[in-house]
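Architecture and fold: a report
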Amino acid sequence: MGEVQVQASIQETVNRLQIQPEQRVLDIGCGTGTLLQTLLSFVSETNLVGVDPSQEMLNVAKNKLPKTIELKQGDAEKLPFPDNCFDWVISTNSFHYFSHPEKAIAEAKRVLKTNGSVVITDWCHDYLTCRFLDLILRWFNDAHFRTYGSHQCQVMLQQGGFRNVSIEKYKLNWFWGMMTAKAIKP
Ligand SMILES: C[S@@+](CC[C@H](N)C(=O)[O-])C[C@H]1O[C@@H](n2cnc3c(N)ncnc32)[C@H](O)[C@@H]1O
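These lines cover the structure that appears in this document, whether it is placed above or below. Everything quoted here is computed from the prediction, not taken from an experiment.

So, how was this worked out
- Residues numbered from 1 in each chain as written.
- Predicted model: local features only at pLDDT ≥ 70, side-chain atom pairs only at ≥ 80, totals over all residues.
- Heavy atoms only, no water.
- Near = heavy atom within 4 Å.
- Polar contact = N/O pair within 3.5 Å; in protein donor to acceptor, adjacent residues only side chain to side chain.
- Areas by Shrake-Rupley, 256 points an atom, 1.4 Å probe, with all protein chains shown as cover.
- 1 Å grid on protein atoms, 1.4 Å probe; cavity = no way out; pocket = protein on both sides within 12 Å on 5 of 7 lines; lining within 4 Å.
- Sits in = over half its atoms within 2 Å of the grid points.
- Nonpolar A, V, L, I, M, F, W, Y, C, P; charged D, E, K, R; others polar.
- Phe/Tyr/Trp six-rings, centres within 6.5 Å; stacked < 30°, edge-to-face > 60°.
- Helix = DSSP H or I, 4+ residues; strand = E, 2+ residues; numbered from the N terminus.
- Buried < 20%, exposed > 50% of the residue type's maximum accessible area, 1.4 Å probe, protein only.
- Pairing = 2+ DSSP bridges.
- Expected span 1.5 Å × (residues − 1).
- Arc of directions from axis to C-beta.
- Contact = heavy atoms within 4.5 Å.

**A word on the site of the ligand**
Residues in close proximity to the ligand total 16 residues, the closest being G29, D52, A76, T92 and N93. In the model, a nitrogen atom of the ligand is placed 2.8 Å from a nitrogen or oxygen of the A76 main chain. The contact in question runs from a nitrogen atom of the ligand to an N or O atom on the backbone of T92, over 2.7 Å. Starting from 590 Å² of accessible surface for the ligand in isolation, the protein chains cover 85%. Counting atoms within 2 Å of the grid points, the majority share of the ligand lands in the largest pocket. Across the shell around the ligand, the residue classes tally to eight nonpolar, six polar and two charged.

Structure representation (C-alpha cells):
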C-alpha cells in the first residue's frame, strides 16, 4: 500500500470515530505513527499510545510525534498494558499480520474499559483485488498472515465477546477494497 492509500485509509477510519479529547486511545500496529499523528487534532497527546513489535517503525514514529506520546514495543497478541485502561483500541492496515487474530481480539477487549470501542480497518477479502493480493502475499511474504471478509470479521468480533458489531466496506480506488469494523466491549 502506498503512502497516499495509507493516508486515505486512516482518514476513512478517523471519519468514523467520535473520540472525546479526554479519552485514552491505543493504536495497535502503529507503525510509523501516521494514525497517531492524525489523532493529534482531536485527542490530547498524553492520551495517545502506540504499540508495535518493530523497533525500527517505532523509531520513525518517535521522530515525528511529540515526545509525550507513549510508544511501546509489543505484540497485538500480548499487549503490554493492564486491563481496562483505554476508551478506544484502533488498528489500521495491520490486522492481516496477526497470526492469532482471536488472541489479538481478546487482548483488545482486555485492555478496553467497559463500553470502550475497538475499531479495525484493514484490506477486505470481499473484494476480488484484495483476495488476489492475499493469495500472492501468503506465498511470497512471510510477515503476511491473511485477510478476512466482512462476515468473518463480524463473527470473530462477536465470538470475542464484543457487542454492536458494525462493518463498513468501501474502496479507496479501483484496487484497494477496505473495511472498518467497530464494536463495543459490553
Ligand atoms: C502496514 S503497517 C501499518 C502501520 C500503521 N498502522 C498504518 O496504518 O500506517 C503494519 C504494522 O503492523 C505491525 N505488526 C506486525 N505484526 C504485529 C503484531 N503481531 N502485533 C502488532 N503489530 C504488528 C508491523 O510492525 C507494522 O508496523
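**Some words on the packing of aromatic side chains**
Enumeration over the complete set of coordinates arrives at six aromatic pairs. An angle of 65 degrees between the planes, with centres 5.7 Å apart, marks the rings of F95 and Y148 as edge-to-face. On the criterion of sequence distance, the pair formed by F95 in the loop between β4 (86-92) and α4 (101-111) and Y148 in the loop between α5 (128-140) and α6 (150-159) is long-range, its members being 53 residues apart. For the pair F175 and W176, a centre-to-centre distance of 4.9 Å together with 80 degrees between the ring planes defines the contact as edge-to-face. Of the two residues examined, F175 and W176, each falls in the buried class. Following the ring pairs from residue to residue traces out a cluster consisting of W123, W174, F175 and W176.

**Observations concerning the pairing of strand β7 (residues 177-184)**
Within β7, six of the eight residues are buried, which leaves the element mostly enclosed by the surrounding structure. Direction of pairing for strand β6 (residues 163-171) relative to β7: antiparallel, over a ladder of seven bridges. Considered in β7, the bridge of R163 is made with I184. The antiparallel pairing of β6 with β7 creates a hairpin that spans five residues between the two strands.

**Here we look at α5**
With 13 residues, α5 ought to run about 18 Å at 1.5 Å a step, and its terminal C-alpha atoms sit 19 Å apart, in line with that. Among all positions in α5, only T129, C130, L133, D134 and L137 are buried. Around the axis of α5, the buried residues are gathered within 135 degrees of arc, so they sit on the same side. In α5, the exposed residues that point more than 90 degrees away from the buried face are L128, F132, L135 and W139. Elements in contact with the buried residues of α5: β5 (112-123) and β7.

What is shown is where atoms sit, not what they do.
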